[in-house]
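Overview (structure and organization)
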Amino acid sequence: MKRTTIIALWLLIVALPVLLMAKQKAAPVDLKGMDRVFLGWVDMSPDDYHRQGYATREDYLAVINHANTSFQETCQKALSGRTMTAAKAKGDENTAGNDVYVKFSDVAYDHGYRLHLSVHFIDLKTNAEIGSIPLKTYTAHFCTLESCMIKELDTVSEELQKEFAAGK
């Protein structure tokens, strides 16, 4: 009896994390008929420049802008078959003429070169959120800050590609 209880407890300890991860997995977003995509700006704070090892805010802002531009180019390739318009700068939300707005929130880039962000899919006809990718941490290893930022955004682009492919 004691052995059975210990085995059952051990199985519960092993299985519980797997069950919790499966529960958190979101259903794919229905993106059928949404062929015109507006990709928002990944708004990382340039005020963290000193913590990231940059001498000036402008130097770090240039890195953020370059990472966003690279991310947009990767997404353009990943979302082939759809028309994609991208934000040109922070605060650009000119979504006119598009079907879906891919908005990023909770964006933070920590001193461990880890990107944290959430993704929201907003139907521009109803202005309602139709799905999301919850707050997640993306990590790249063995890279400079700028190349890590780009690698992590490439991973986000791959997730967007999967969401849009599932919604076709």
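The following paragraphs examine the structure supplied in this document.

Analysis parameters
Residues numbered from 1 in each chain as written. Predicted model: local features only at pLDDT ≥ 70, side-chain atom pairs only at ≥ 80, totals over all residues. Heavy atoms only, no water. Helix = DSSP H or I, 4+ residues; strand = E, 2+ residues; numbered from the N terminus. Buried < 20%, exposed > 50% of the residue type's maximum accessible area, 1.4 Å probe, protein only. Contact = heavy atoms within 4.5 Å. Areas by Shrake-Rupley, 256 points an atom, 1.4 Å probe, with all protein chains shown as cover. Phe/Tyr/Trp six-rings, centres within 6.5 Å; stacked < 30°, edge-to-face > 60°. Expected span 1.5 Å × (residues − 1). Axes fitted to C-alpha atoms, helices over the stretch in contact; angles between N-to-C directions. Parallel < 35°, antiparallel > 145°, perpendicular 65-115°, else oblique. Left-handed = near helix turned anticlockwise from the far one by under 90°.

1. Here's the deal with the overall build of the protein
When its secondary structure is counted, the protein shows three helices and five strands. Traced from its N-terminal end to its C-terminal end, the protein shows the element sequence α-β-α-β-β-β-β-α. Burial statistics for the protein: of 168 residues in total, 39% are counted as buried. A separation of at least 24 residues holds for 63% of the contacts in the protein among residues at least 6 apart in sequence. Within the structure as shown, the protein displays about 10,100 Å² of accessible surface, and the carbon and sulfur contribution to it stands at 57%.

2. What about the packing of aromatic side chains?
According to the stated counting rule, one finds five aromatic pairs in the structure shown. Their ring planes at 35° and their centres at 5.5 Å tell us that Tyr-54 and Tyr-60 sit as a pair that is tilted. Residue classification places Tyr-60 among the buried residues on the basis of a relative accessible area of 0%. Taken together, a centroid distance of 5.9 Å and an interplanar angle of 75° make the contact between Phe-121 and Phe-164 edge-to-face. With Phe-121 in strand S4 (residues 114–123) and Phe-164 in helix H3 (residues 145–166), this pair connects stretches of sequence that are 43 residues apart.

3. Structural notes on H3
Taking 1.5 Å of rise per residue, 22 residues should cover 32 Å, and H3 covers 32 Å from first to last C-alpha, within 8% of that figure. Every buried residue of H3 is accounted for by Leu-145, Cys-148, Met-149, Ile-150, Glu-152, Leu-153, Val-156, Ser-157, Glu-159, Leu-160, Glu-163 and Phe-164. Those residues of H3 hidden inside the fold are in contact with strand S1 (36–39), helix H2 (57–78), strand S3 (100–109), S4 and strand S5 (128–139).

4. A word on the packing of H2 against H3
Here H2 crosses H3 at 30°, and the two axes come no closer than 9 Å. The angle between H2 and H3 places the two elements in the roughly parallel class. Our pair here, H2 against H3, has a crossing hand that is right-handed. Residues Tyr-60, Val-63, Ile-64, His-66, Ala-67, Asn-68, Ser-70, Phe-71, Thr-74, Cys-75 and Ala-78 of H2 touch H3, and the partners they reach there are Leu-145, Glu-146, Met-149, Ile-150, Leu-153, Asp-154, Val-156, Ser-157, Leu-160 and Gln-161.

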